[in-house]
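A structural walkthrough
Here is how the chains run, residue by residue.
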Amino acid sequence: MQESAQWQDEELRVNEDIVLCSVHERYVDALYALVVANRDYLQQAMNWPQYVTGPEETRKTAQGNYMLHHRGYAKMFLIFWRDELCGVLSFNQIEPLNKTAWIGYWLAQAMQGKGIISHSVQTIMQHYADKGEVRRFVIKCIVTNEASNRVAQRNGFALEGRLKQAEYLNGAYHDQHIYARIVGEDQNTP
């Protein structure tokens, strides 16, 4: 794996309080602890927290995301608020030909309401739009996840539709909203 020796970690400064750092093994213990501390909260909107079983499993996930990040198929950034890990912002998938990125995010419950996700989404969109790597950004979230829907709306995403029973969560199928924002399509271009 000679190519991995050439990979550089990325750091995007959002503002004086928020920094996005590309995923790396050195953050595994803190990431695992954050998920465990917020598992019940996260499980209300996402299915995966129940499957986070230990630091080693978290390490393997981080290693896979590290490779995807540096090969350009996905991007995973850890969100730090005043040097404290508080969440994750990612392009869960990047379609290089279509220049489309599917955005995912989560934040510790105690950090809600500070604008951390909205500011971070703006920064990551601006960064990858400026590089010419992404022009269409997509957010999918269950209809009842009001906070995620507000993030999309606050960041100028247009509601493109409702996917019926598209996400299985906590024993039931839920409808999803699908939002998108295309670079250059409005005055609020990232």
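Here we summarise the structure given alongside this text.

Rules used in this analysis
- Per-chain numbering applies: the sequence of each chain, read as written, is numbered from 1 onward.
- Side-chain atom pairs in this predicted model are given and counted only at pLDDT of 80 or more, local residue features only at pLDDT of at least 70, and totals for whole chains, interfaces and linings cover all residues.
- Note that water and hydrogens are dropped before the side-chain values are worked out from all heavy atoms of the structure.
- Stacked, edge-to-face and tilted labels apply to pairs of Phe, Tyr and Trp rings (six-membered ring for Trp) whose centres lie within 6.5 Å, assigned for plane angles under 30 degrees, over 60, and everything in between, in that order.
- Runs of H or I in DSSP of at least four residues are treated as helices and runs of E of at least two as strands, each being numbered from the N terminus.
- Relative accessibility thresholds used throughout: buried, under 20% of the residue-type maximum; exposed, over 50%; partly exposed, between the two (1.4 Å probe, protein chains only).
- To get an axis, fit a line to the C-alpha atoms, keeping to the stretch in contact for a helix; angles then go from 0 to 180 degrees between the N-to-C directions.
- For a crossing to be left-handed, the near helix must be turned anticlockwise from the far one by less than a right angle; the clockwise case is right-handed.
- Contacts are assigned to residue pairs with any non-hydrogen atoms lying within 4.5 Å of each other.
- In this count, Pro and Cys sit with the nonpolar residues alongside Ala, Val, Leu, Ile, Met, Phe, Trp and Tyr, while Asp, Glu, Lys and Arg are called charged and the others, Gly among them, polar.

Focus on the packing of aromatic side chains
The tally for this structure, following the rule as stated, stands at five aromatic pairs. Judged by centre distance (5.8 Å) and plane angle (55°), the ring pair of tryptophan 48 and tryptophan 106 falls under tilted. Residue tryptophan 48 is found in the loop between helix 2 (28-43) and helix 3 (55-71), and its partner tryptophan 106 is found in strand 5 (residues 100-107); the two are separated by 58 residues along the sequence. Judged by centre distance (5.3 Å) and plane angle (65°), the ring pair of phenylalanine 91 and tyrosine 128 falls under edge-to-face. Here tyrosine 128 lies in helix 4 (residues 116-130) and phenylalanine 91 lies in strand 4 (residues 84-95), a separation of 37 residues in the sequence. A residue is classified by how much of its surface remains accessible, and phenylalanine 91, at 1% relative accessible area, is buried. Looking at tyrosine 128, the relative accessible area reads 0%, which means it is buried. Each member of the aromatic cluster is reached from another via a ring pair, and the members are Phe91, Tyr128 and Phe137.

As for the packing of helix 2 against helix 3
Look at helix 2 against helix 3: their axes get within 9 Å of each other, and the N-to-C directions meet at 115°. Once helix 2 is placed against helix 3, the crossing between them reads as right-handed. When helix 2 is examined against helix 3, the residues Val28, Asp29, Leu31 and Tyr32 are found in contact with a partner set consisting of Pro55, Thr58, Arg59 and Ala62. Its residues assigned to classes, the contact of helix 2 with helix 3 comprises five nonpolar, one polar and two charged.

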